[in-house]
Amino acid sequence: MDILRSIRAVLFDMDGVLYRGKQVLPGVHELLNWLDQRSFSYGCITNNASLTPAQYANKLAAMGITMPPDRVITSAVATGRYLRMTYPLGTRVFVVGMEGLREAVFGDGYFVEDTVLPELVVQGADFALTYETLRQATLFIRGGATYIATNPDKTFPSEEGLIPGAGAVTAALVAATDVAPVVIGKPQPTMFAIGAAMLGSAVEQTLVVGDRLDTDIAGALAAGMPSVLVLTGVSGREEATTGPIKPDVIIADLPALLSSWCAL
């Protein structure tokens, strides 16, 4: 737990860490209040790019969790930040994706939407995907457009069950183009570094709290960030202790994390 002594900011995964389904998990309010009292920065980080940060903030507010939109870092938000750091004003972009991604790319007018000769194809999950959209994206990528994907998640959890996610759309485009995209979201380090920067913190002083080894913890390790695995979501203790991806701390839940932090 000594790694917690140097922490000045926290990036939380959401589902499995702050809530499960529509149920807030124990200790969320107490931990966030404790961080507020000590002026620690914190935010949420998620591969889900189907919602805008404002929509996520509203979703969290409905569960009693206060999280300003500018502290909700989706893979679409991270992709938008990456694009602005990498490409100049007026770059022509074709988007395969939903409202959350379109707002992140086109919301401030920095990029120009182009369905004729784009320089970039930016792709996320698209629940209204058509063959025509795949056809256009394929031709643009084959024609030389740089291909960027928000995240590699092959499935998306819905109320009906698992449905195709951004990674499934990526699989179709890779099959059609033989081009692998630049991926921004978890477990790539780019998203985590952008998240730390958005919180005004150095990566080595930003703690990642997640429930999945293959996305949250793997991404933190790749970015050089300390990590805590909470056992309230997907990954279990045995996998975390015997597998190749090892967090700095394994702890039962957020109340246990807060108690350990207070004891330092």
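Residues numbered from 1 in each chain as written. Predicted model: local features only at pLDDT ≥ 70, side-chain atom pairs only at ≥ 80, totals over all residues. Heavy atoms only, no water.

Further remarks concern the sheet that holds strand β8 (residues 120–123). Spatially, five strands are ordered β7-β6-β8-β9-β12 in an open sheet, and the strand pairing comes out parallel. Among the strands making up the open sheet, the edge pair consists of β7 (112–113) and β12 (182–183). Strands β6 (92–96), β8 and β9 (146–149) of the sheet are contacted by helix α5 (residues 131–142), whose axis makes an angle of about 140 degrees with β6. (Pairing = 2+ DSSP bridges. Helix = DSSP H or I, 4+ residues; strand = E, 2+ residues; numbered from the N terminus. Contact = heavy atoms within 4.5 Å. Axes fitted to C-alpha atoms, helices over the stretch in contact; angles between N-to-C directions.)

Consecutive residues of a regular strand have side chains that alternate between opposite faces of the sheet. Of all five residues in strand β13 (residues 206–210), five are buried; the element is thus mostly enclosed. Of the two faces of β13, both are covered, the one formed by Thr 206, Val 208 and Gly 210 as well as the one formed by Leu 207 and Val 209. Bridge count for strand β1 (residues 9–12) against β13 is four bridges, and the pairing is parallel. When the sheet's bridge partners are listed, Val 10 is paired in β13 with Leu 207. In this view, the connection linking β13 to its parallel neighbour strand β14 (residues 227–230) by way of helix α8 (residues 213–223) has right-handed handedness. (Buried < 20%, exposed > 50% of the residue type's maximum accessible area, 1.4 Å probe, protein only. Right-handed = clockwise from strand over helix to strand, strands pointing away.)

Okay, the nonpolar core next. Formed by 34 residues in total, the largest nonpolar core has its most connected members in Phe 12, Leu 18, Leu 35, Val 209 and Trp 261. When residues of this core are traced back to their parent elements, those giving at least two are β1, α1 (28–37), β4 (41–46), α2 (53–62), β13, β14, β15 (249–251) and α10 (254–262). Tallying contributions element by element places α1 first for this core, with five residues. Setting aside its immediate chain neighbours within four residues, Leu 18 contacts Phe 12, Asp 13, Val 24, Leu 25, Val 28, Cys 44, Ile 65 and Leu 254. Counting residues in each nonpolar core, the second largest holds 31 residues, with Tyr 82, Val 93, Phe 106 and Leu 120 among its members. (Core = buried A, V, L, I, M, F, W, Y, C linked by side-chain atoms within 4.5 Å.)

Its place among the elements puts Thr 170 in helix α6 (residues 166–177). A residue is classified by how much of its surface remains accessible, and Thr 170, at 12% relative accessible area, is buried. Excluding residues that lie within four positions of it along the chain, Thr 170 makes contacts with Gln 123, Tyr 147, Ala 149, Asn 151 and Pro 181.

Let us look at the pairing of β8. Burial of the side chains of β8 extends over both faces: Leu 120 and Val 122 are buried on one face and Val 121 and Gln 123 on the other. Taken together, the four bridges between β6 and β8 define a ladder with parallel strand orientation. Residue pairing across strands places Val 95 opposite Val 122, the latter belonging to β8. Summarising the sheet, β8 and β9 pair through four bridges and their orientation is parallel. Residue pairing in the sheet places Val 122 in a bridge with Ile 148 of β9.

So, on to the packing of aromatic side chains. This model, assessed by the stated rule, comprises seven aromatic pairs. Plain terms: the ring middles of Tyr 110 and Phe 111 are 4.7 Å apart, the flat faces sit at 70 degrees to each other, and that makes the pair edge-to-face. Following the ring pairs from residue to residue traces out a cluster consisting of Trp 34, Phe 40 and Trp 261. (Phe/Tyr/Trp six-rings, centres within 6.5 Å; stacked < 30°, edge-to-face > 60°.)

All right, on to the side chain of Gln 136 then. Structurally, the position occupied by Gln 136 is in helix α5. The exposure class of Gln 136 is buried, given its relative accessible area of 19%. Apart from the residues lying within four places of it in its own chain, the contact partners of Gln 136 are Phe 94 and Thr 115.

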